[in-house]
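Listed below, chain by chain, are the residues.
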Amino acid sequence: MSIADEITRLDELHRRGALTDDEFSRAKARLIGVAAPAADMGAAINSLRRSRSDRWIAGVCGGLAQASGLESWVWRLGFAFFLLFGGAGLIIYILMWIFVPSD
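Residues numbered from 1 in each chain as written. Predicted model: local features only at pLDDT ≥ 70, side-chain atom pairs only at ≥ 80, totals over all residues. Heavy atoms only, no water.

### Quick look at the packing of aromatic side chains
In total, this model carries 4 aromatic pairs according to the counting rule given. When the ring of F81 is compared with that of F82, the centres are 5.4 Å apart and the planes differ by 75°; the resulting orientation is edge-to-face. We classify F82 as partly exposed; its relative accessible area is 46%. Considering the side-chain rings of Y93 and W97, the 6.4 Å spacing of their centres and the 70° angle between planes classify their relative orientation as edge-to-face. With Y93 and W97 both in helix 5 (residues 88-99), this residue pair falls 4 residues apart, about one helical turn. Take W97: its relative accessible area is 41%, and that puts it in the partly exposed class. Each member of the aromatic cluster is reached from another via a ring pair, and the members are F79, Y93 and W97. Over the aromatic face of W56 sits the side chain of R76, whose NZ or CZ is 4.5 Å from the ring centroid. (Phe/Tyr/Trp six-rings, centres within 6.5 Å; stacked < 30°, edge-to-face > 60°. Buried < 20%, exposed > 50% of the residue type's maximum accessible area, 1.4 Å probe, protein only. Helix = DSSP H or I, 4+ residues; strand = E, 2+ residues; numbered from the N terminus. Lys NZ or Arg CZ within 6 Å of the ring centre and 35° of its normal.)

Spelled out as structure tokens, the structure:
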């Protein structure tokens, strides 16, 4: 369901009296706030850089940690998991090593 459909549904509930003015404005602000991070996703991807300080091999996991807010050990564990199950972790890591610029 799109954001416009959700706002229309909220407006109908507001007109029927199921939502107060305050509840309607908070719900609408929450919906609009949810749409904002999706627009910033492109900027986050473009700002991805390999870390020079938090690195074991090439800094890919350190860079992902800086961009996502997760710890770098979580990314390392994820890559190791995918390496053990099919080798996809190694392929993804090497591709990111090649295509993600350094800090």
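### Observations concerning a nonpolar patch on the surface
On the surface, W56, I57, L83, L90, I91, I94, L95, W97, I98 and F99 cluster together to form a nonpolar patch covering roughly 1100 Å² of accessible area. Looking at the element boundaries, L95 is found in helix 5. Judged by its relative accessible area of 43%, L95 falls in the partly exposed class. (Patch = residues over 30% accessible without salt bridge, like charges linked within 9 Å, V, L, I, M, F, W, Y side chains within 5 Å. Areas by Shrake-Rupley, 256 points an atom, 1.4 Å probe, with all protein chains shown as cover. Salt bridge = Lys/Arg side-chain N within 4 Å of Asp/Glu carboxyl O.)

### As for the pattern of salt bridges
In total, this model carries 5 salt bridges according to the counting rule given. Residue R16 is joined to E12 by a salt bridge in which the shortest nitrogen-to-oxygen separation is 3.9 Å. Placement of both R16 and E12 in helix 1 (residues 3-16) is noted, with a separation of 4 residues, approximately one turn of the helix.

### Side note on the side chain of S51
Residue position: S51 is located in the loop between helix 2 (21-46) and helix 3 (60-68). By relative accessible area, which is 0% here, S51 ends up buried. There is a polar contact of 2.9 Å between the side chain of S51 and the backbone nitrogen of D54. In this view, S51 contacts A58, G59, G62, G63, Q66 and D103; residues no more than four positions away in its chain are not counted. (Polar contact = N/O pair within 3.5 Å; in protein donor to acceptor, adjacent residues only side chain to side chain. Contact = heavy atoms within 4.5 Å.)

### Some thoughts on the nonpolar core
Grouped together as the largest cluster of nonpolar side chains are 9 residues: L48, A58, V60, C61, L64, F79, Y93, M96 and V100. Secondary structure elements with two or more residues in this core: helix 3 and helix 5. Examining the composition of this core, we find that 3 residues originate from one element, helix 3, more than from any other. (Core = buried A, V, L, I, M, F, W, Y, C linked by side-chain atoms within 4.5 Å.)

As far as function goes, none of this settles anything; it's purely spatial.
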